[in-house]
Amino acid sequence: MASASTVVRSSVAVRPQRPKRRNGLRHIWVVLVGFVLATGSFLAASVYADRRLERVAQRMHAVSDNAMPSLVQLGDMRRELADVLLALDEGSEGSGLDLAELDRHERAFQAALAAYEALPQFPGEPDVWVRTRPNLDRALVLADLATSEIQAGSLGAADALVTDQLFPAMRAADVGLLETRQINREQGVLAAMETDQAWSNARHVALLFDGLCVAFTAGLASFALLSVRRHEAAEAQRRDELEAFAARVAHDIRAPLSVPLLALQALSRDLDADSRYKPAVERSVHGLKRVDGLVGDLLTFARAGAMCPEAGARAPLRAVVAGVVQDVEVTASAARVCVTVGALPGCEVACSAGVLSSIVGNLVGNAIKYTAGDARVREVTIRATATSERVRVEVADTGAGVPAEVQQKIFEPYVRADARAPGLGLGLATVKRLVETHGGRVGVRSQVGRGSVFWFELPTCT
């Protein structure tokens, strides 16, 4: 009996886990199905609207590339024919004939005719044009005959030719031109009606699919809200664990540093003032102290969630820059680069000394790396200006410069101005992240072949 009860209790204890797994799978399937439906609705609306708009574009092109130019050319032909008829009618009555003006009208008519015949034709238009074109040709032939009669002085024959033959031929040609114009006008109206209908249908269908997309998205949002609430407690626990981990890392890094630091400090005290090793030992002691402070400041920054700067932190600009210059002295000497410090205001920056040192150090190290090489003048200059609220620090170099297309993304991770240079391209990205986290901004001015000026701005302490 005891064994049986144990089995029962075990089964009861296990049962609650199975619904949780099924619920988790059900939520995943619901999210996937909702995502697919929402995406499908969006794509369906986009595809339908695209196809309808393609039809609209085709009809509009038919109007703009065919109907409208045809109407213009047909109108020009009618006008020029009327001017020719008027000139010949007046000339046959003895009013004189301006041959140059008559030739201009005929050439304008021929140009309009050629332009019209080069255009595509709508359904029904070729049949009308087959009947119209002979009338046009006949009218032109009669116009030439009438012109010859007028030039010969046979005004009576010219008047009879104009009245009895030219006028009827031109009227027949004008009727054909009007009929052709009507076909093009009707095609334009039809295209406008089809465009309106297609636009209306596309709008209605798009609204329908958009509504479905909104519904599916709302369902997904509700599931997302449930998931967020479910994981809030877990996230809080993870943040606590991260802070504890950062504290352990700080302790584990600082502990090994203390041994060589104490040993070097003792050695520095024991060495005579004129010993040749004393300057090197003192620089080593100073470097280890700076590493210890840098680790502490940056890990404090990490424990704050990487988005919450340490409250009340202050960093003396001149002291931090002096420390950075001393730290890069060996690297700069090896690269034969002269690091100089220009005018620096005696202000304090609203961040920890470690953060400011990391920002300036990254910029100076980057400038040294890209100034070394074939540069004739190898110089890196650190200067700054300050207002009542902000300080602007600039690091100028005489290197190769940054191309304009690279300047837009130089502060992004894994971006390097020169792919041959060592490193992963994270230094400037780190600078941007630290500066923007502390309420500042970064930038660069550069000309290829003339060097670069990298700058950042940070609030000052009041």
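Nothing here was measured: the structure is a model prediction, and the numbers come from that model.

Outline the packing of aromatic side chains, listing residues and values.
Per the stated rule, a full pass over the model turns up two aromatic pairs. Centre to centre, the rings of Phe-411 and Phe-454 are 6.0 Å apart; their planes meet at 75°, and the pair counts as edge-to-face. In this pair, Phe-411 is assigned in the loop between α10 (404-407) and α11 (427-437) and Phe-454 in strand β7 (residues 451-459), connecting sequence segments 43 residues apart. Residue placement shows Arg-392 over the ring face of Trp-455; its charged tip is 3.9 Å from the ring centre.

How would you sum up the pattern of salt bridges? Please name residues and give values.
According to the stated counting rule, one finds 16 salt bridges in the structure shown. For Arg-314, the salt bridge goes to Glu-348, with nearest N and O atoms at 2.6 Å. Highlighted residues: Arg-314 in the loop between α6 (278-303) and β1 (315-316) and Glu-348 in strand β3 (residues 348-349), separated in sequence by 34 residues. Taking the relative accessible area as the measure of exposure, Glu-348 reaches 30% and is therefore partly exposed. For the salt bridge of Arg-441 with Glu-457, the shortest nitrogen-to-oxygen distance reads 3.2 Å. Remark: Glu-457 occurs in strand β7 and Arg-441 occurs in strand β6 (residues 441-447); sequence separation between them is 16 residues. Arg-441 gets classed as partly exposed once you look at its relative accessible area, which sits at 45%. Residue classification places Glu-457 among the buried residues on the basis of a relative accessible area of 12%.

Requested: an account of the state of the cysteines, with residues and values cited.
For the structure on display, the rule yields zero disulfides. Lacking any disulfide linkage, Cys-351 is separated from the closest cysteine sulfur, that of Cys-461, by 8.0 Å. Residue class for Cys-351 comes out buried when judged on its relative accessible area of 1%.

Which residues make up the side chain of Glu-394, and what values go with them?
The topology assignment puts Glu-394 in strand β5 (residues 390-397). Reaching out from Glu-394, the side chain makes a polar contact with the side chain of Arg-445 at a distance of 3.3 Å. When near neighbours in sequence (up to four residues on either side) are disregarded, Glu-394 contacts Thr-381, Ile-382, Arg-383, Arg-445, Val-453, Phe-454 and Trp-455.

Tell me about the nonpolar core, residues and numbers included.
In terms of nonpolar packing, the biggest core is built from 41 residues, with Leu-317, Leu-356, Ile-368 and Phe-456 touching the most fellow members. For this core, the secondary-structure elements that each account for two or more residues are α7 (317-327), α9 (353-371), β4 (379-386), β5, α11, β6 and β7. The biggest single contributor to this core is α9, with eight residues. Dropping the residues within four chain positions of it, Phe-456 is found in contact with Leu-356, Ile-359, Val-360, Leu-363, Val-391, Arg-392, Val-393, Val-435, Arg-441 and Val-442. Grouped together as the second largest cluster of nonpolar side chains are 28 residues, Leu-88, Trp-129, Ala-139 and Leu-166 included.

Lay out the environment of Leu-113 in plain terms, naming residues and giving numbers.
For Leu-113, the position within the fold is in helix α3 (residues 99-117). For Leu-113, a relative accessible area of 4% gives the class buried. Along the primary structure Leu-113 and Leu-74 are separated by 39 residues, whereas in three dimensions their C-alpha atoms are 7.7 Å apart. The contacts of Leu-113, once residues within four sequence positions are left out, are Met-77, Trp-129, Arg-133 and Leu-136.

Any details on unusual backbone geometry? Residues and values, ideally.
At Arg-336, a position not held by glycine, the phi torsion is positive, near 55°. Looking at the secondary structure, you find Arg-336 in the loop between α8 (329-334) and β2 (338-341). With relative accessibility at 58%, the residue Arg-336 sits in the exposed group.

How would you explain the pairing of β5 if you had to name every residue and give the values?
Most of β5 is tucked away: seven of the eight residues are buried. Alignment of β4 against β5, held across seven bridges, turns out to be antiparallel. When the sheet's bridge partners are listed, Arg-383 is paired in β5 with Glu-394. For β5 and β7, the ladder comprises seven bridges, and the chain directions are antiparallel. Residue pairing across strands places Val-395 opposite Phe-454, the latter belonging to β7.

Thresholds applied
Residues numbered from 1 in each chain as written. Predicted model: local features only at pLDDT ≥ 70, side-chain atom pairs only at ≥ 80, totals over all residues. Heavy atoms only, no water. Phe/Tyr/Trp six-rings, centres within 6.5 Å; stacked < 30°, edge-to-face > 60°. Helix = DSSP H or I, 4+ residues; strand = E, 2+ residues; numbered from the N terminus. Lys NZ or Arg CZ within 6 Å of the ring centre and 35° of its normal. Salt bridge = Lys/Arg side-chain N within 4 Å of Asp/Glu carboxyl O. Buried < 20%, exposed > 50% of the residue type's maximum accessible area, 1.4 Å probe, protein only. Disulfide = S-S within 2.5 Å. Polar contact = N/O pair within 3.5 Å; in protein donor to acceptor, adjacent residues only side chain to side chain. Contact = heavy atoms within 4.5 Å. Core = buried A, V, L, I, M, F, W, Y, C linked by side-chain atoms within 4.5 Å. Pairing = 2+ DSSP bridges.

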